[in-house]
Amino acid sequence: MSTSPPTPPEPVRLQATLFDFAVLELIRQHRESFAPLWTVDSWAKLLIWLALNCGLSGERDSLEHFASALGAPLTSRLRRVFFERDLGDLELQVLADPAEQQVLVLPQVAADPALLEIERVARALERVGLLDRVVPDRSRWQQLDGVVAIPWQHLAAGSNAEEVRA
């Protein structure tokens, strides 16, 4: 039985895939440059940097136009990549968007309870610079089914989550 080779993707699809890869890799390579890390300010600085490098001015209208042009789905995806870290040696993924109520730590592979031991999770948080930004009381770290949820320190201190989302 003879099989024909797979049909290559259409050029537009290849271009979209290349664009997606390039932008996400650009974010991964530069996200540590926008201090203070793990803040809405760092996210805003990245967006401004991207807008400026697309030839837009730093004026408010221009930046708003840029954000609008990205659209919600792309902005959401870029933000997720900006605020996530994969720690291959610990086999953990950290999702730490300051607009969310909690930092989430989950295994990169099938749910192995040993991967979510509190000390291992703490090592992951320390490595990515989050340990001092989450609630230090480990009894408040919730070990759920396949994920550890850890409250942000600024939210536990009484700050309004809506302020962080802005």
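Above this text is the structure in question.
1. Some details on the layout of surface pockets
The calculated volume of the second largest pocket comes to roughly 190 Å³. If you go around the second largest pocket, the residues you meet are Ser 76, Arg 79, Arg 80, Phe 83, Glu 84, Leu 95, Ala 96, Asp 97, Glu 100, Gln 102 and Leu 104. Mapped onto the lining of the second largest pocket, the elements with two or more residues apiece are α4 (72-82) and β3 (102-107). Residue contributions to the lining of the second largest pocket peak at three residues, all from α4. Its residues assigned to classes, the lining of the second largest pocket shows four nonpolar, two polar and five charged.

2. Quick look at the pattern of salt bridges
A pair can form between side chains of opposite charge whenever their charged atoms are brought close. The full count for this structure, using the stated rule, is eight salt bridges. With a closest N to O distance of 2.7 Å, Asp 89 and Arg 127 form a salt bridge. Of the two residues, Asp 89 is situated in the loop between β1 (84-87) and β2 (92-95) and Arg 127 in helix α5 (residues 118-127); the sequence distance between them amounts to 38 residues. Judged by relative accessible area, which is 54%, Asp 89 ranks as exposed.

3. Side note on the environment of Gln 93
Structurally, the position occupied by Gln 93 is in strand β2. Look at Gln 93 and you get buried, because its relative accessible area is 17%. Considered as a pair, Gln 93 and Leu 74 are 19 residues apart in the sequence and their alpha carbons are 21 Å apart. Apart from residues no more than four positions distant in its own chain, Gln 93 is found in contact with Glu 84, Arg 85, Asp 86, Leu 104, Val 105, Leu 106 and Gln 108. One polar contact links Gln 93 to Glu 84, side chain to side chain, over a distance of 3.3 Å. Only 3.2 Å separates the side chain of Gln 93 from the side chain of Asp 86, close enough to count as a polar contact.

4. A word on empty space enclosed by the protein
Tallying each qualifying case throughout the model produces one cavity of 30 Å³ or more. By volume, the largest cavity is sized at about 30 Å³. As for the largest cavity, its lining consists of Leu 37, Trp 38, Ser 42, Phe 82, Phe 83 and Arg 85. By residue class, the composition of the lining of the largest cavity is four nonpolar, one polar and one charged.

5. Observations regarding the packing of aromatic side chains
Scanning the entire structure with this criterion turns up five aromatic pairs. Centre to centre, the rings of Trp 38 and Phe 83 are 6.5 Å apart; their planes meet at 35°, and the pair counts as tilted. Highlighted residues: Trp 38 in the loop between α1 (11-30) and α2 (40-53) and Phe 83 in the loop between α4 and β1, separated in sequence by 45 residues. Residues Trp 38 and Phe 83 agree in their burial class; the two are buried. Grouped by ring-pair contacts, the aromatic residues Trp 38, Trp 43, Phe 82 and Phe 83 constitute a single cluster.

The rules behind these values
- Along every chain, residues carry numbers that run from 1 in the direction the sequence is written.
- The predicted origin of the model limits local features to residues at a pLDDT of at least 70 and limits the giving and counting of side-chain atom pairs to 80 or more, whereas totals for whole chains, interfaces and linings rest on all residues.
- Side-chain descriptors were evaluated using all non-hydrogen atoms of the structure, hydrogens and water having been removed beforehand.
- The way it works is a 1 Å grid over only the protein atoms, where trapped points that fit a 1.4 Å probe form a cavity and open points with protein on both sides within 12 Å along at least five of seven lines form a pocket, and then any residue with an atom within 4 Å of a point lines it.
- Grid points are joined across faces, edges and corners, and a volume is the space filled by probe spheres set on the points.
- Only DSSP runs of H or I covering at least 4 residues are called helices, and only runs of E covering at least 2 are called strands; the numbering of each starts at the N terminus.
- For this classification, Asp, Glu, Lys and Arg are treated as charged, while Ala, Val, Leu, Ile, Met, Phe, Trp, Tyr, Cys and Pro are nonpolar and the rest, including Gly, are polar.
- Salt bridge, as used here: a side-chain nitrogen of Lys or Arg that lies within 4 Å of a carboxyl oxygen of Asp or Glu.
- Relative accessibility thresholds used throughout: buried, under 20% of the residue-type maximum; exposed, over 50%; partly exposed, between the two (1.4 Å probe, protein chains only).
- A contact between two residues is defined here by any heavy atoms of the two lying within 4.5 Å.
- We define a polar contact as two N or O atoms separated by no more than 3.5 Å, with the added condition that, inside protein, one atom must be a possible hydrogen donor and the other a possible acceptor, whereas residues neighbouring each other in sequence contribute only through side-chain atom pairs.
- Here the aromatic set is Phe, Tyr and Trp, taking the six-membered ring for Trp, and pairing holds for ring centres within 6.5 Å; pairs whose planes are under 30 degrees apart are stacked, those over 60 apart are edge-to-face, and all others are tilted.

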